[in-house]
Each structure stands twice: as structure tokens, then as C-alpha cells.
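Here is what each chain is made of, one letter per residue.
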Amino acid sequence: MDHGGETQLSVALLGAGLFATHAHAPVLLRLRDVFDTKAVWSRRREPAEELAKKLGCDAFFGESDLDALIDRSDIDAFMVALPLDVQPKLVPRLLRAGKHVLSEKPIAPTVDAARQLLREYDAVRKQQHPSPPVWSIAENFRYETGIRRAASLVRSGEVGDVVAVSLTVKNPFPSDNPYVSAAWRSDPSWYGGFFVDAFVHAAAGLRCIIPGDIRQVSAVTSHRADHLPPPDTLVGHVTWTDGIIGSVTASYACNTFRYEFEIIGRKGTVLLRRTGSYSCKQNLRAARPGYNLVVARGSGRSATIKEEFLPFDGLDNEFMAFAAACGRGNGKWGRHENTPQEALRDLELVEALLDSGRQNGAIINMM
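Residues numbered from 1 in each chain as written. Predicted model: local features only at pLDDT ≥ 70, side-chain atom pairs only at ≥ 80, totals over all residues. Heavy atoms only, no water.

Enquirer: Any chance you could break down the overall build of the protein chain for me, citing the residues and the numbers?
Expert: Check the secondary structure of the protein chain and you find 10 helices and 15 strands. Taking 2.2 N^0.38 as the reference for a compact globule, 367 residues should give roughly 21 Å; the C-alpha atoms of the protein chain span a radius of gyration of 21 Å, in line with that estimate. If one aligns the C-alpha atoms of the protein chain with their principal axes, the spans along those axes are about 65 × 45 × 45 Å. A burial count over the protein chain gives 54% of its 367 residues as buried. Partitioning the intrachain contacts of the protein chain with sequence separation of at least 6 by distance along the chain shows that 69% fall at a separation of at least 24. In the protein chain, which carries 43 positive and 43 negative side-chain charges, the distance between the mean positions of the two groups comes to 5 Å. (Helix = DSSP H or I, 4+ residues; strand = E, 2+ residues; numbered from the N terminus. Rg over C-alpha atoms; globule rule 2.2 N^0.38 Å. Buried < 20%, exposed > 50% of the residue type's maximum accessible area, 1.4 Å probe, protein only. Contact = heavy atoms within 4.5 Å. Lys, Arg positive; Asp, Glu negative; His and termini not counted. Charge placed at Lys NZ, Arg CZ, Asp CG, Glu CD.)

Pasting the structure below:
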């Protein structure tokens, strides 16, 4: 399939860990007509060389090699998949060099750190006006067709005015899951390290499906799995400014999988359920990976139920959207939605819920 425009976007991949290997690299290979991968960089030589071999590009490692990569005029953009305690320190450096950046979610470990990054980006945009670099946060939930389809149904009034929302995340992370062993997740220097990294996806999906501002949240949290940092479980409530109310249940200490958004309207219900996983081989489940979307309207004999399956495609779509924002690709994703401002709002929701949990369910105002 031809995704490309007149020229490719020349990129370097920073990071050679699990997600860079199992997510970023396959997308770059699938979209070779859009992305010209020039290099892979890692802090260590061996993983950089191994991943570069798969991508058919050069490998670089260490601080001196990174300096040289940033200075290269033949690299337009950097795809950044580094630990969350490292990545925010590097992003401003790339932006100041005039490079486009696609950095992994969350935008930063904390809201305060994210706001500082935005201030630095604003300064770069002013200094490099009228052609500042693009900075995008790689939140694939915002570009999943399943989530966007659910959002379209809600916003078009297919089920009437929304009265309530339910988000359920039961996503097991046992001790042998390779993502758990990363030091910045298992022993973070900020509160809620693992939960922030995992639940920010759900926050983005919820905000994508339900339009409008969130007025307040409350939550209680607990810590049930010794191999995960606290908290690993949360039950909360969310209230939007237009009166919509929602419940949130999330646990990574469980042993069964269930991940769904349910939107209850005056005329019907939208149920969006994730099935399977594509993050890495060790995490694959038997179910076909994607979304089951069910739209129910009416009751009794007049009831109608429509179902459809939508495969995962958020990673490819977010990469294409980034290319389009940088002036490449076919223009399908011309609107840049994974902005740092949206990523900040995702993180604000996660942090507010966690703050409430630390205060035994205190109401946190977000306006």
C-alpha cells in the first residue's frame, strides 16, 4: 500500500528496549515508504546493533554518538522510546536542534515536569518561528479506529445524551512480565510510576470518547501485588462539567483480562471492549487483537444490537499522523491530535485520581 508523499521522513530511533523493538521497529518496517530509518541509538552497544540489523540501518550508542546524530542534517525527526526518567531530559535538546520529535507516552513522570517541558517547547516555537519543529506524544489509543469509532457514535448522538460512563481495566502484569522488570517502572522515583505509565492509555481513551472538560475526580487506591510498586489498583469517580458522571476501576494486580469502555446514553449504549494485546510476544492472548464494538438501542421487541470488530491500528495511525504533521505522508491524518497539550491533560487526569487516592478519596477539582 502506498502511504507516501513526494519524500520520506528521515528518522532515527532512540531506544532499543522492549517497546522500541516490538512496537516502533515493526511500524517503521511496515511504513518504509513514509519513513527512512537512518539510525538506531541506545545507551548500550549490543541492543543498538541488534535492532539496527533488523531495521537495516546504522547503530550508534553512547553520549558522543548521540551528539553526532543530533547534528546530522540528513535526519529530520527522532522517534524516542526511552525510559521515563531519561526521555524528558532529551526531548528539549532535540527540539532546540530543530528536530521533529515523536516521544513515547506519558509526556513526563509528573504534571509539574510536563508543564516545564511545555514551557521549553513554547520557547523553541517562538525562537524557530515560522517553522518550528513538531512535537508529538505517541499515544496510540487516540488513533485506534475502535476508540475513534466509539467517539464518533457518542458525538453524533447515536445513543442520545450521555448520562454515565464506565471504564474497566483489568490488565494482569505478573512478575515474569518483561515490562515489569524495568527499574524505572518497578522502583520509580515518582509516585505511581507503573500505574502512571499503564493507565495513561485509558485516560487518553476516555477523554477521546467523552468530549468536554472534567470538573472533578475522586478515588481510592490499594497495593495488592508485591512485585508492583504502589498503587496497583484504583476505584474512582469522574464528573464532567456538563453533568456526565463516570466510574473507573483499574487493576494491574489481577489475573484475568478485561478492558472496556461503556457509554450509557438516553437512547442506547456503546460498549467498546479490547481483546488481546500486541505489545510484545510474551503478552499475547488467545483472543484476536482488536476491539469489539457493540451498539445497543431500545428495549424489548424494538431493541437493536449492532456489533463489529475493529483490529488494532493505533500505532501505524499515530506514526502516519506524525509524518503528516511533519509534511510527509498522504494527508489522511492531517490533523495533529497527539499534541503535548493533550498529553498533559491525559496525565493531569491520572495524577488527579492518584492524588485523591493518597487522600483517601478526597475530591480533586480539575477546573
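Moving on from the coordinates now.
Enquirer: Could you give me a rundown of the sheet that holds strand β11 (residues 258-265), with the residues and numbers involved?
Expert: Within the open sheet, the 9 strands sit side by side as β14-β13-β12-β11-β7-β10-β9-β8-β15. Their pairing is mixed. Looking along the sheet, the strands with just one partner apiece sit at the ends: β14 (304-311) and β15 (364-365). The strands that helix α8 (residues 193-209) touches are β7 (162-170), β9 (233-240), β10 (245-251), β11 and β12 (268-275); relative to β11, the one it contacts most, it runs at about 25°. Against the sheet, helix α10 (residues 340-358) makes contact with β8 (214-222), β9 and β15, and its axis sits at roughly 50° relative to β8, the strand it touches most. (Pairing = 2+ DSSP bridges. Axes fitted to C-alpha atoms, helices over the stretch in contact; angles between N-to-C directions.)

Enquirer: Tell me what's going on with the sheet that holds strand β5 (residues 100-104), and back it up with residues and numbers.
Expert: Strands sit in the order β3-β2-β1-β4-β5-β6 across an open sheet of 6 strands; the sheet is parallel. Since the sheet does not close on itself, it has two edges, and those belong to β3 (58-61) and β6 (135-138), each with one partner. Taking the axes of each pair of neighbouring strands and ignoring which way they run, one obtains an average angle of 25° across the sheet. Taken together, the 4 bridges between strand β2 (residues 35-42) and β3 define a ladder with parallel strand orientation. Bridge pairing in β3 links Ala39 to Asp58. Packed onto the sheet, helix α1 (residues 18-30) meets β1 (9-14), β2, β4 (77-80) and β5 and runs at close to 170° relative to β1.

Enquirer: I'd love a proper account of α8, names of residues and values included.
Expert: Across its 17 residues, α8 extends 25 Å between first and last C-alpha, which sits within 8% of the 24 Å expected from 1.5 Å per residue. Of all the bends in α8, the greatest, near 35°, is centred on Phe199. Of all 17 residues in α8, 17 are buried, a share of seventy percent or more. (Expected span 1.5 Å × (residues − 1). Bend = angle between axes of the 7 residues up to and from the residue.)

Enquirer: Describe the pattern of salt bridges, and please don't skip the residues or the numbers.
Expert: Going through the model one piece at a time under the given rule, you end up with 21 salt bridges. Here Arg328 ties to Asp76 by a salt bridge, and the two come within 3.6 Å at their closest N and O atoms. On the criterion of sequence distance, the pair formed by Arg328 in the loop between α9 (314-325) and α10 and Asp76 in the loop between α3 (62-71) and β4 is long-range, its members being 252 residues apart. Classification of Asp76 as partly exposed rests on a relative accessible area of 23%. Here Arg96 ties to Glu120 by a salt bridge, and the two come within 3.5 Å at their closest N and O atoms. (Salt bridge = Lys/Arg side-chain N within 4 Å of Asp/Glu carboxyl O.)

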